[in-house]
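In case you want the letters, here they are:
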Amino acid sequence: TQHINITELRAILKYVRMRCRDTRKHRARMLLIVDSQVVCSVVTKGRSSSQQLNAVLRSLSGLVIASDIRMAVGWCQSDQNPADKPSRELCRRN
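What comes next is a walk through the structure. Because the structure is predicted, anything quoted here is derived from the model rather than measured.

Time to look at the side chain of Asn81. Mapped onto the fold, Asn81 is located in the loop between β2 (70-75) and α4 (85-93). A polar atom in the side chain of Asn81 sits 3.4 Å from the side chain of Asp35.

Written as structure tokens, this is what we have:
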């Protein structure tokens, strides 16, 4: 298993890859909201002390540069993240 920070950064990479497949989405602005302060900082800064995070970040940076995307990353608390709502409700049912 991978560390959660690597998994969350890979999710961003996967999303950006998906968007970049459509050339109409190139040369665009993108705002991503994440609930990981580490991922938010790494993407904003463009580097990390972790070699594993840097490897994923290099792939992400290449896509962003090649497709001329302006990407901003914002942080929110986990309990305020609308994308986490379905998983939180699933946990309550169990």
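Moving on from the model shown.
Once rolled over the atoms, a probe with the size of a water molecule shows which space is left empty. In this structure, the largest pocket encloses a volume near 320 Å³. If you go around the largest pocket, the residues you meet are Glu8, Ala11, Ile12, Tyr15, Leu32, Ile33, Val34, Asp35, Asn81, Pro82, Ala83 and Asp84. Elements that contribute at least two residues to the lining of the largest pocket include exactly α1 (4-20) and β1 (29-34). Ranked by residues supplied to the lining of the largest pocket, first place goes to α1 with four residues. For the lining of the largest pocket, a count of residues per class yields eight nonpolar, one polar and three charged.

According to the stated counting rule, one finds zero disulfides in the structure shown. Cys20 forms no disulfide, and the closest cysteine sulfur to it belongs to Cys40, at a distance of 19 Å. For Cys20, a relative accessible area of 13% corresponds to the buried category. The structure places no disulfide on Cys76, whose sulfur is separated from the nearest cysteine sulfur, that of Cys40, by 9.6 Å.

Conventions we followed
Residues numbered from 1 in each chain as written. Predicted model: local features only at pLDDT ≥ 70, side-chain atom pairs only at ≥ 80, totals over all residues. Heavy atoms only, no water. Helix = DSSP H or I, 4+ residues; strand = E, 2+ residues; numbered from the N terminus. Polar contact = N/O pair within 3.5 Å; in protein donor to acceptor, adjacent residues only side chain to side chain. 1 Å grid on protein atoms, 1.4 Å probe; cavity = no way out; pocket = protein on both sides within 12 Å on 5 of 7 lines; lining within 4 Å. Points joined across faces, edges and corners; volume = space filled by probe spheres on them. Nonpolar A, V, L, I, M, F, W, Y, C, P; charged D, E, K, R; others polar. Disulfide = S-S within 2.5 Å. Buried < 20%, exposed > 50% of the residue type's maximum accessible area, 1.4 Å probe, protein only.

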